[in-house]
Amino acid sequence: MDSVLFLFFAAAHFGLLLWGIAIAVRRGELIVSDLALLVVLGLVYDNAVLSIGALIGEGGVLQALNGARYWLHALLTPLLVMVAWHVMARSGIRWLANVWAVLAAAVVTLALMVYEIVVGAAPMRLVPEHEYGALSYANANAPEGPPLMVLVVAVALLVAGVCAWVRQRWAWLTLATLVLIVGSAVPVPVPSGAITNAFELVLLIGVFATIAFQDRREELPALV
């Protein structure tokens, strides 16, 4: 039953959130890569709402809770572009640390936010959707075709993963991003609408593992 699966993913993302906070606390300062914490926080909310939809039932409350899901997706998911930029900069590509590279990443991030608001969140028309035992409100005005914002974010993370792999011998972000891309593109023969959330979880595990790895590498000179 999908409600149970969504509850599991909400708990798993919450555990991932705690891990990300622990990484930042251990480091002793916040960095650009920590924007991934906001993305995970949004996914905790997203999965939690999907898990309790059948309990709440159709109505204004559930509709409002689901509406917030779309706004959080539009405002938070593009932040992974900034995370990708920072992973690349920390991998040792020096020119990416200059102000123009930072501005370029910020512009792409803001452009994706605006795009998602204009084509998704602002014109959304929510309708009840029952699927595999779960109840949610879907956006009937969602644009058709592959989601542009998700594609751009995936490409950015894939490039960042390749940079970390080539320059730091760390392959996990690349592999995690490929799991998301392949898993989202290839139909999974499982009677569930929640299974694709597993690919998001794998991706973000790869993101936080990479942040922790790069933290450890930057600590090494101080230990010598």
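So, a few notes on the structure that sits alongside this text. Model, not experiment: these values are computed from the prediction.

Glancing now at helix 5 (residues 99–121). The terminal C-alpha atoms of helix 5, which comprises 23 residues, lie 31 Å apart, in line with the 33 Å expected from a rise of 1.5 Å per residue. Among the residues making up helix 5, those that are buried are Ala-101, Ala-105, Thr-109, Leu-112, Met-113, Glu-116, Gly-120 and Ala-121. With a side-chain oxygen positioned 2.9 Å from the backbone nitrogen of Trp-100, the residue opening helix 5 is Asn-98.

Across soluble globular proteins, you tend to see nonpolar side chains buried next to one another. Of all hydrophobic cores here, the largest spans 51 residues; its most connected members are Leu-204, Val-207 and Phe-208. Mapped onto this core, the elements with two or more residues apiece are helix 1 (2–27), helix 2 (36–56), helix 4 (79–90), helix 5, helix 6 (148–168), helix 7 (172–185) and helix 8 (197–223). Setting aside chain neighbours within four positions, we find Phe-208 in contact with Leu-16, Trp-19, Gly-20, Ile-23, Ala-36, Leu-37 and Val-40. Judged by nonpolar contacts, the second largest core, of five residues, contains Val-49, Leu-62, Leu-126 and Leu-135.

With respect to the helices, strands and loops of the structure, His-86 is situated in helix 4. Residue His-86 is classed as buried on the basis of its relative accessible area of 12%. Discounting chain neighbours no more than four positions away, the residues touching His-86 are Ile-31, Val-32 and Ser-33.

The next subject is unusual backbone geometry. Phi angles above zero are rare outside glycine, and Tyr-132 is one such case at about 50°. Within the fold, Tyr-132 resides in the loop between strand 1 (126–131) and strand 2 (134–139). One non-glycine residue, Arg-169, lies in positive phi territory at about 60°. Looking at the secondary structure, you find Arg-169 in the loop between helix 6 and helix 7. The exposure class of Arg-169 is exposed, given its relative accessible area of 67%.

Our focus in this paragraph is the side chain of Asn-47. Looking at where Asn-47 falls in the secondary structure, it is placed in helix 2. Its relative accessible area of 0% is what places Asn-47 among the buried residues. Side-chain polar atoms of Asn-47 contact the backbone oxygen of Leu-43, separated by 2.8 Å. Every residue in contact with Asn-47, bar those within four places of it in the chain, is listed here: Phe-6, Phe-9, Ala-10, His-13 and Asn-197.

Rules used throughout
Residues numbered from 1 in each chain as written. Predicted model: local features only at pLDDT ≥ 70, side-chain atom pairs only at ≥ 80, totals over all residues. Heavy atoms only, no water. Helix = DSSP H or I, 4+ residues; strand = E, 2+ residues; numbered from the N terminus. Expected span 1.5 Å × (residues − 1). Buried < 20%, exposed > 50% of the residue type's maximum accessible area, 1.4 Å probe, protein only. Polar contact = N/O pair within 3.5 Å; in protein donor to acceptor, adjacent residues only side chain to side chain. Core = buried A, V, L, I, M, F, W, Y, C linked by side-chain atoms within 4.5 Å. Contact = heavy atoms within 4.5 Å.

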